[in-house]
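# Inside the fold
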Amino acid sequence: MPIVRFQAGDTVMGRWPGSNLYYEVKVLSYSAKSQLYTVIYKDGTELELKDADIKSMTGFRQGSGRSRSRSRSPARTRRSRSRSPARTPRRSSAHTAERRKDKLKDVLEVCLSPVTMPLVNNSNNEHEKKEENDRASKEVERVKEEGENQVSSRYNLRRRKDQGEEPTIEQKNAEPVVLLAAPQQTSKTIELEFGGRIGAFFLLLLLPVVVLALLILCGQKDSSLLSFPRMLPPLDSLWDWQVFGITLLWLLFQAVLFLLPIGKVVNGMPLKNGETLTYRINGFYALIISGVAVGTSVYNDVDLGYIHNHFLQFYTSALLISILLSIYLFVRSRWTTDDERAPAGNSGYVIYDFFMGRELNPRIKGFDIKFFCEMRPGLIGWLVINFAMLHTEMKLQNLDTPSSAMLLVNIFQLLWVADGLWHEEKLLTMMDIVYDGFGFMLAFGDLAWVPFTFTCQSYYLASHSSDLSVFWILSIILMNTVGYYIFRKANSQKFAFRRNPDDPTVSHLKTIPTATEKSLIASGLWGFVRHPNYLGDLLMALAWSLTCGFNHIIPYFYVIYLLVLLVHREARDEHQCRKKYSVAWDQYCKAVPYRVFPWIY
Ligand code: NDP
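Residues numbered from 1 in each chain as written. Predicted model: local features only at pLDDT ≥ 70, side-chain atom pairs only at ≥ 80, totals over all residues. Heavy atoms only, no water.

## Examining the side chain of Ser-403
Rules: Runs of E in the DSSP output that reach at least two residues are strands. Runs of H or I that reach at least four are helices, and both are numbered from the N terminus. Here, two residues are considered to be in contact whenever any of their heavy atoms come within 4.5 Å of each other.
With respect to the helices, strands and loops of the structure, Ser-403 is situated in the loop between α14 (377–396) and α15 (404–422). Discounting residues that sit within four places of it in the chain, Ser-403 has contacts with Glu-393, Ser-465, Ser-466 and Asp-467.

## What about the UniProt feature "transmembrane region" (unreviewed entry) in the chain?
Just so we agree on the cut-off: UniProt positions are given in the numbering used here, feature names are shortened, and annotations may be inferred rather than shown by experiment.
The sites that UniProt annotates as "transmembrane region" (unreviewed entry) are residues 198–219, 239–260, 281–299, 311–331, 403–421, 433–450, 470–487 and 541–566. Annotation note: span residues 281–299, helix share 89%, strand share 5%, distance between end C-alpha atoms 29 Å. Segment residues 470–487 splits into 100% helix and 0% strand. End C-alpha atoms: 25 Å apart.

## Here's the deal with the pattern of salt bridges
As a reminder, the rule being used: Definition used for salt bridges: Asp or Glu carboxyl oxygen within 4 Å of a side-chain nitrogen of Lys or Arg. Exposed residues in this analysis have more than 50% of their type's maximum accessible area, buried residues have under 20%, and partly exposed residues fall in between, with area computed by a 1.4 Å probe over protein chains only.
A complete count under the given rule lists 15 salt bridges for this structure. A salt bridge links Arg-569 to Asp-432, with the shortest nitrogen-to-oxygen separation between them at 2.7 Å. Here Arg-569 is found in helix α21 (residues 557–581), whereas its partner Asp-432 is found in helix α16 (residues 431–434), with 137 residues between them in sequence. Exposure remark for Asp-432: the relative accessible area of 9% places this residue in the buried category. Close ionic contact of Asp-586 with Arg-578 constitutes a salt bridge, the shortest N to O distance being 2.9 Å. The exposure class assigned to Asp-586 is partly exposed, which follows from its relative accessible area of 32%. Connected via shared salt-bridge partners are Glu-193, Asp-436 and Arg-572.

## What to know about the site of the ligand
The condition that has to hold: Residue proximity to a molecule or strand is established when one non-hydrogen atom of the residue lies within 4 Å of it. Polar contacts, as counted here, are pairs of nitrogen or oxygen atoms within 3.5 Å of one another; within protein the pair requires one atom able to donate a hydrogen and one able to accept it, and residues that are adjacent in sequence qualify only if both atoms are side-chain atoms. Computed with a 1.4 Å probe, the accessible areas rest on the Shrake-Rupley method; for each residue, only the protein chains presented here act as cover.
Around the ligand sit 28 residues, and of these Arg-498, Asp-537, Arg-569, Asp-573 and Tyr-581 come closest. Separating a nitrogen atom of the ligand from a side-chain N or O atom of Tyr-558 is a distance of 3.3 Å. Between Tyr-581 and the ligand, the recorded distance is 2.4 Å, taken from a side-chain N or O atom to an oxygen atom. Here the ligand has 920 Å² of accessible area as a free molecule, and 93% of this is covered by the chains. Where the shell around the ligand is concerned, the elements lending two or more residues are α19 (470–499), β15 (519–521), α20 (532–546), α21 and α22 (583–591).

## Looking at the nonpolar core
Note the following rule: Buried Ala, Val, Leu, Ile, Met, Phe, Trp, Tyr and Cys residues that are joined via side-chain atoms within 4.5 Å together make up what is termed a nonpolar core.
Formed by 133 residues in total, the largest nonpolar core has its most connected members in Tyr-315, Phe-444 and Phe-452. With residues up to four places along the chain from it excluded, the contact list for Phe-444 reads Leu-207, Pro-208, Val-211, Tyr-315, Leu-319, Ser-322 and Trp-449. Counting 13 residues, the second-largest nonpolar core is a separate cluster that includes Val-12, Val-25, Val-27 and Ala-515.

## Regarding the packing of aromatic side chains
Our working definition: By convention, a stacked pair of Phe, Tyr or Trp rings (six-membered ring in the case of Trp) has centres within 6.5 Å and planes under 30 degrees apart, an edge-to-face pair has planes over 60 apart, and any other such pair is tilted. In this scheme, Lys NZ or Arg CZ marks a charge over a ring once it lies within 6 Å of the ring centre and within 35 degrees of the ring normal.
Evaluation of the coordinates by the stated rule reveals 38 aromatic pairs. Centroid distance Tyr-279 to Phe-371: 4.9 Å. Interplanar angle 65 degrees. Geometry classified as edge-to-face. Taken together, the residues Tyr-279 in strand β11 (residues 278–281) and Phe-371 in helix α13 (residues 369–375) connect sequence positions 92 residues apart. Each member of the pair, Tyr-279 as well as Phe-371, is classed as buried. Above the plane of the ring of Tyr-349 lies Arg-197, whose end atom (NZ or CZ) is 4.0 Å from the centre. Sitting over the face of the ring of Tyr-279, Arg-363 holds its NZ or CZ atom 4.8 Å from the ring centroid.

## Side note on the sheet that holds strand β5 (residues 54–56)
Backbone-to-backbone hydrogen bonds pair the strands of a sheet. The strands run either parallel or antiparallel. What counts here: Here, a strand pair is defined by DSSP locating no fewer than two bridges between the strands. Every axis in this analysis is a line fitted to C-alpha atoms, fitted for helices over the stretch in contact. Angles between the N-to-C directions lie between 0 and 180 degrees.
Read across the open sheet, the 5 strands follow the order β4-β3-β2-β1-β5; overall the sheet is antiparallel. Where the open sheet ends on each side, the last strands, each with one partner, are β4 (46–49) and β5. Each strand axis lies, on average, 45 degrees off the axis of its neighbour in the sheet, ignoring direction.

## What to know about unusual backbone geometry
Of note, Asp-301 is a non-glycine position whose phi angle comes to about 65 degrees, a positive value. With respect to the element layout, Asp-301 can be found in the loop between α9 (283–299) and α10 (305–309). Residues other than glycine seldom take positive phi values, yet Lys-365 does so here, at roughly 45 degrees. Within the secondary structure, Lys-365 is located in the loop between β12 (363–364) and β13 (367–368).

Put into structure tokens, the structure is as follows:
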């Protein structure tokens, strides 16, 4: 006869399926037959838990500090969830038979059902609140009915005792069944992204070639895709030691600015081991000092046209540096502990991990290499290149002033970069910092892709100067302004809400509670589409490309790339959010059906 440790009404700590996270729950009942407790989480989620998944409050508090801090920190929850190996095994990933066996050994069978969670209205207006609540109740009823038709009415968590065991009648009837891997001690990456090992291998080869092709076409008088040269450019047009030296000097200059003891020091998101890293936020100062340095150079007759004339060589220098950096990062990651490894780049497959990055936050004596590369040399370099292209256009086209198209591109992109550096701290909550390792994908992306593909409009305009009509100028400015407004407002709202949901700037927004300590914003821009910040970014990208007219598709490379990137990123994020928030995410998707483009996608 099993001992019943808890009674109905007891408040205890219950483990969240597929993770090591415990939340405060109330015991509703105990079934002697199934030997499971039915518990309810604070948000109304009901689950059936085994005795082993429940701890008493006192026992939990006396437990290790580690568990305690885990349960408290929302950020911890976020990271831990995304790291959790509780991911449905990827169908296409080739794993060894032994691995599969290991995974199956620890499989938890979880039947998930939608949980009815009311939209929470933060509004202070009682009448509005009542109306909203009525509406929310109807929505809840609807979701409930739909949910009941699909699945059983409660979560059901039980461990398979034996792989060969016959499923019980209840298990047979429960649909759909989601298989979640049990928490593992080592956080191996089970689910491979970007097409797995083969995808990573092709991307490794393809990305550098794509940039080279883009630059060759952009720099030609005839930039049509059909006029791609049959022969590769001669080697001396691809490599120059002086250019390589200048690129290294630029990196060094930015590294010195990065280390300047100016600007505030902030904490990053909590890491797997509960610690946080500190970051100095001085990107905007670095931008101003770099601007002054470039201005002084031009004043002293330094010819910025050199950048245009040696553009391919600058690219190959940046490419070589990013490859060398990736090799260094991969080698040093061999000595990292499990805590220091990235959730996404720790599969055990060399090519895949080299591409994704095995170490999450590689640092040399406090110098954070990823944070540095993400925001500094490439991003500020992008503006310097734009400025150099503006000079080149005037020189090549014999203009007294730059063309309106070139001016718009320079101004818009300066605004975008300055905005990013002004809000540099917000990068610390982004997927790149909290989830992705630092490997070839980011090193190449930051040092080579950003400065040499994001500049495609200005590089194109340098030899395809275009003066726009007033109507076009106004339309493009309007599009960029709308895009910027959506992009900035959405990102700022989310950041403010995550920092403090009671912040007066966001406290009026409706929210959906989740089983974690975080809620989801479900009104305003975040109630319009699920990724309004992506929509804003894409509108701006389109505005930049439109400055180049419609003669060639090449200057539209950036907006096409961004579309592909953000659609893919949205899918990655959606996948993570569904794991983190489960039914609350489903409810959000029902309430906000469009991902990025209203009424389209
Ligand atoms: P988001 O800023 O959209 O972050 C996604 C995270 O936000 C989710 O994981 C979730 O995390 C949280 N979230 C999602 N929905 C909600 C909601 N309704 N309420 C509250 N929180 C929510 O994505 P990214 O980090 O990918 O992008 C940030 C910006 O950077 C975007 O504007 C994007 O356009 C831009 N970007 C630009 C690129 C370029 O090359 N130009 C490349 C990549 C990004 P949690 O709940 O855990 O907080």
